[in-house]
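What follows is each chain in one-letter form.
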Amino acid sequence: MAYRGEPGAGRRRLRVVPSTRRSRALAAGVLVAVPAVAVPLLWGPVGHDPRPAGASAPAPSPGGAAPSTTATALPGGVERRIRDVQGAGHVSPLRGKAVARVPGVVTAVTDNGFWMQDPRPDRDAATSEGVFVFTRTRPGVAPGHAVRVDGRVSEFRTGGARSPGLGRTEIDATRTVVEARGVPLPAPVVLGPGGRRPPASAVDGDHPPGGPAGNVESGGRFAPGRDAIDFYESLEGMRVAVRDAVAVGPSKDGEIPVLAAGGAGAGTRTARGGLLERDGDANPERILLDDALAALPSVNVGDRLPGSAEGVLDYADGAFRLLPTAVPRRADGGQVRETTRPAGPDELAVATVDLRGLSPESPRARYEALAADLVDGLKSPDLVTVTGLRDNSGAEDDGTVAADQTVAELITAISAAGGAPYDWRSIPPRDNADGGERGANDHVGFLFRRDRGLAFVDRPATADLGEEQPGRPAAPVRALADGLGGVRLNLSPGRIAPRDAVWSRAPKPVAAELTWRGTPLIVIAGRWYPVTADDQPLFGRYQPPSRPTGWRRAAQARVVAGFVRSVRAVDPDAGIIVAGDLNEPESAPPVRELLKGTGLRDLTAGLPETDRYTAISGGNAQALDHILLSPSLAARRHELDIVHRNSEFADRAGERDPSVVRIGASPAR
């Protein structure tokens, strides 16, 4: 990784990610080449004494000359120390001002700058003793060099001035003078038990979740002992260490979320070694390792990094990051993929799977892994609600919307893995009208077996199924009386309120009518609007973070809930299943909106807390995928199983763990 650009008005500087993250950055359209500008570096004996107070005279440098002890402040700048530059806050008190002869020992080097740390710290834990020095091009310094830096103090914000992230305090160097070589690096600050413990729950106590919003850069009390965002800011740019870390998320995009000291003193852990995110506790004790300066091993949840992982603490892309300067060791935690039991002869098995962009372009190994999830992990359920299946041309924006080739390859892979024969139903979207990556045209649909008593009701039996065409939006699915006291759908499959604005740039949910050994069922599959860059980061300047996409999901929940109520208005005992990627945990307002007045029961909320997760983001485990049952089905004997096969593994086939519910014919006891 490097930091490229130039100081001054109109400059554009950005973070150049390592190869493991470059494809994501390119896809987001944020990686821009900026020409480098050379800056002079001067070497020689120029008056810095890195000794502690009272030490003997400095030894000669490897070049043979002893450093001078005379110095003169440079024009336009005042002699300062790093703690003066950092200050006790999120913005430097010297921002925009010139500083001269700032002393430090180089601790790490990157393509266009270096980190340095004061070897003679004060006793104020609120002021960092480390800082990043921006040099535009590769600096001619190395770790262990004692330097003095002239330059101007700035706050670099990844993503530009309007970004909600914090700024990184930097010195934009105009001159760097090497005074000595071979100087010992400052001892790292140990994070966690036995060192400085990060706050375990409060990100910013001045602006707690649910309270009024504020800007930590311009208001509130700076309290590193209470608030995690202040704690990490007080260490920005310094050498830090994590000892005997345990991974609480898999390797992803060159990052590993870990807990120090094997997780001692951390929040609620999952049954398999992860870390649960709970209401009001986003687990700020998590530490994110980043491969900017040294490669990181591939790890799964529960793997260990024995010994000490040491590096510099940086801030970028909305998060504080420990950049190790050496490759950490890895010890296998023995994590294995889960499997569920097969459905009994009188049980209907319904699962939900997010295929996360599967297309004919996907490698054969990914098809095989997904087939293994369905056959070995889920034991070939009767019905699978599917989201994230791309059209036949994948990400190519060529007008293709059909996905029959993608489906055929998946069904073939399932058969090759020894699975049951599956059929497929969905409604092709209108080109680029259902969200996701442009050109991908992700499908929502159903895989189903015909060999155990399940049948799909196609209505109308001939003609299109309300498919969208340019200038002709899809007809909405509606609940109708079947003339026998029950309920049927006018379309099967059919889209729920496809013309409603809440589905703008989002997949539209699909409802289908089926029968299980003669008993009618209505199943709704969907994937709600995702978290996007519009949502502010957990460790951003605005606290508590605004999450506007949650409002979109709440609106979508109200539409789906309205449809469920319309079905139950016709037949209060209708068997209804809602399943899919809701992108919200069970306690979130959008899920509560879905439950309001519908009688639905969210089965995820009934699981033991330590097993209640389908996704891991940044080391936080959450249940974002759900299966809900109407009262008539919830009254039957049923069993939900979240099958942990993906979220904890670096080589996973997808990012979400599939879920399956088995519904019996007899009443629940």
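Thresholds applied
- Residues numbered from 1 in each chain as written.
- Predicted model: local features only at pLDDT ≥ 70, side-chain atom pairs only at ≥ 80, totals over all residues.
- Heavy atoms only, no water.
- Helix = DSSP H or I, 4+ residues; strand = E, 2+ residues; numbered from the N terminus.
- Buried < 20%, exposed > 50% of the residue type's maximum accessible area, 1.4 Å probe, protein only.
- Pairing = 2+ DSSP bridges.
- Axes fitted to C-alpha atoms, helices over the stretch in contact; angles between N-to-C directions.
- Core = buried A, V, L, I, M, F, W, Y, C linked by side-chain atoms within 4.5 Å.
- Contact = heavy atoms within 4.5 Å.
- pLDDT = per-residue confidence, 0-100.
- Salt bridge = Lys/Arg side-chain N within 4 Å of Asp/Glu carboxyl O.
- Expected span 1.5 Å × (residues − 1).
- Phe/Tyr/Trp six-rings, centres within 6.5 Å; stacked < 30°, edge-to-face > 60°.
- Lys NZ or Arg CZ within 6 Å of the ring centre and 35° of its normal.
- Arc of directions from axis to C-beta.

Enquirer: Is there a simple way to think about the overall build of the chain in this case?
Expert: The helix and strand tally for the chain stands at 8 helices and 34 strands. For the chain, with 669 residues in total, the buried portion stands at 57%.

Enquirer: What exactly am I supposed to notice about the sheet that holds strand β34 (residues 659–667) here?
Expert: Backbone-to-backbone hydrogen bonds pair the strands of a sheet. The strands run either parallel or antiparallel. Pairing is mixed in the open sheet, where 6 strands are placed in the order β19-β20-β18-β17-β34-β33. Every interior strand has two partners, whereas the edge strands, β19 (423–426) and β33 (636–642), have only one. Taking each pair of neighbouring strands and ignoring which way they run, the sheet shows an average axis angle of 20°.

Enquirer: Can you help me understand the pairing of strand β20 (residues 443–448) in this one?
Expert: Residues in a regular strand project their side chains so that they alternate between the two faces of the sheet. With 6 of its 6 residues buried, β20 lies for the most part within the structure. Neither face of β20 is left uncovered, since the one carrying H443, G445 and L447 and the one carrying V444, F446 and F448 both have all their residues buried.

Enquirer: Would you explain the nonpolar core in this entry?
Expert: Soluble, globular proteins show a tendency: their nonpolar side chains are buried together. Counting 28 residues, the largest nonpolar core has Y232, L235, V242, V258, I287, L289 and F539 as its most contacted members. If you list the elements that add at least two residues to this core, you get β10 (189–191), α3 (228–233), β12 (239–247), β13 (255–259), β14 (287–290), β15 (304–316) and β16 (319–324). Those residues within four positions of L289 in sequence are excluded, and the remaining contacts are G254, E255, I256, V258, L296, L305, L322 and P324.

Enquirer: Is there a simple way to think about unusual backbone geometry in this case?
Expert: Note: most peptide bonds trans; most residues except glycine with negative phi. Following R459, the chain continues into P460 via a peptide bond in cis, with omega recorded as -5°. Mapping P460 onto the fold places it in the loop between β21 (454–457) and β22 (479–481). Cis rather than trans, the peptide bond between Q543 and P544 has omega equal to -15°. Mapped onto the elements, P544 comes out in the loop between β27 (542–543) and α6 (549–570). The backbone phi angle of D317 is positive, close to 55°, even though this residue is not glycine. In this fold, D317 is placed in the loop between β15 and β16. A positive phi angle, near 60°, is found at K379, a position not held by glycine. Note on placement: K379 falls in the loop between α4 (364–377) and β18 (383–389). The exposure class of K379 is partly exposed, given its relative accessible area of 32%.

Enquirer: How do you make sense of the confidence of the model for the chain when you look at a structure like this?
Expert: Do not read the fine detail of predicted coordinates wherever pLDDT is low. Mean pLDDT over the chain: 87, with 86% of residues reaching 70 or higher. Considering only residues more than four positions removed or in separate chains, one finds that residues 1–75, a stretch of pLDDT under 50, has 161 contacts.

Enquirer: What should I look at first to understand the environment of P381 in this one?
Expert: With respect to the secondary-structure elements, P381 resides in the loop between α4 and β18. Take P381: its relative accessible area is 0%, and that puts it in the buried class. For the pair P381 and A349, spaced 32 residues apart in the sequence, the C-alpha separation amounts to 4.9 Å.

Enquirer: I'm lost on the pattern of salt bridges in this one. Help?
Expert: Should the charged atoms of two oppositely charged side chains come close, the side chains can pair. Scanning all chains against the criterion turns up 53 salt bridges. Put simply, R101 and E79 hold a salt bridge, and the shortest N to O gap is 3.5 Å. Linking R101 in strand β5 (residues 98–110) with E79 in strand β4 (residues 78–79), this pair joins segments that are 22 residues apart in sequence. By relative accessible area, R101 is classed as buried at 4%. When its relative accessible area of 39% is taken as the criterion, E79 is described as partly exposed. Members of the salt-bridge network, linked through shared partners, are D354, R356, R390, E437, D442, R527, D581, D625 and R656.

Enquirer: How should I be thinking about α4 in this particular structure?
Expert: Each α-helix winds once per 3.6 residues, and so residues spaced three or four apart point in a common direction. Counted at 1.5 Å a residue, the expected span for α4 with its 14 residues is 20 Å, and the 19 Å between its end C-alpha atoms agrees. Along α4, the residues classified as buried are R366, Y367, L370, A371, A372, D373, L374, V375 and G377. Elements that come into contact with the buried residues of α4 comprise β17 (347–358), β18, α5 (404–416) and β20. Of the residues flanking the end of α4, it is K379, one or two places downstream, whose phi is positive at about 60°.

Enquirer: Mind showing me how you'd approach the packing of aromatic side chains here?
Expert: This model, assessed by the stated rule, comprises 8 aromatic pairs. A centroid spacing of 5.9 Å and a plane angle of 80° characterise the contact between Y232 and F539, whose relative ring orientation is edge-to-face. With Y232 in helix α3 and F539 in the loop between β26 (519–527) and β27, this pair connects stretches of sequence that are 307 residues apart. An aromatic cluster is built from F231, Y232, Y315, F320 and F539, whose rings are joined through pairwise contacts. Of note, R168 hangs over the ring of F132, and the distance from its end group to the ring centre comes to 5.6 Å. Over the aromatic face of Y529 sits the side chain of R552, whose NZ or CZ is 3.9 Å from the ring centroid.

Enquirer: Explain α5 here, please?
Expert: When the terminal C-alpha atoms of α5 are compared, their 18 Å separation across 13 residues agrees well with the 18 Å that a helix rising 1.5 Å per residue should span. Within the sequence span of α5, burial applies to T406, V407, L410, A413 and I414. Burial along α5 is one-sided: seen end-on, the buried residues are contained in an arc of 125°. Set apart from the buried face of α5 by more than 90 degrees, the exposed residues are D404, T412 and A416. Positive phi shows up at G418, right after α5, with a value of about 90°.

Enquirer: Where do I start with the environment of I414 in this structure?
Expert: Within the secondary structure, I414 is located in helix α5. Spatially, the C-alpha atom of I414 lies 8.1 Å from that of L370, the residues being 44 residues apart in sequence. Aside from chain neighbours lying at most four places away, what touches I414 is A371, L374, V375, G419, A420, Y422 and L447.

Enquirer: Hey, could you run me through the side chain of D373 in this one?
Expert: Within the secondary structure, D373 sits in helix α4. Leaving out residues up to four positions away in the same chain, D373 has contacts with L378, R645, N646 and A653.

Enquirer: For this particular structure, what's the right way to read the pairing of strand β6 (residues 113–117)?
Expert: Counting buried residues in β6 gives 5 out of 5 residues, a clear majority hidden from the surface. The alternating pattern of β6 places G113, W115 and Q117 on one face and F114 and M116 on the opposite face, and all of these are buried. Pairing between β5 and β6: 5 bridges, direction antiparallel. Paired with A108 across the strands is W115, a residue of β6. Between β5 and β6, which pair antiparallel in sequence order, lie 2 residues. In this sheet, strand β7 (residues 130–134) lies alongside β6 in antiparallel orientation, the contact comprising 5 bridges. Looking at the pairing, F114 lines up with V133 of β7.

Enquirer: Looking at this structure, I do not really get the side chain of T604. What am I missing?
Expert: Residue position: T604 is located in the loop between β29 (601–602) and β30 (615–617). Excluding anything up to four places from it in sequence, T604 contacts E586, R612, A623, D625, H626, I627, L640 and I642.

Enquirer: Can you walk me through the environment of S546 in this structure?
Expert: Relative to the helices and strands, S546 is located in the loop between β27 and α6. For S546, a relative accessible area of 26% puts it in the partly exposed group. Considered as a pair, S546 and P209 are 337 residues apart in the sequence and their alpha carbons are 9.8 Å apart. If we ignore the near neighbours within four places in the chain, the residues touching S546 are D534, D535, Q536 and W551.

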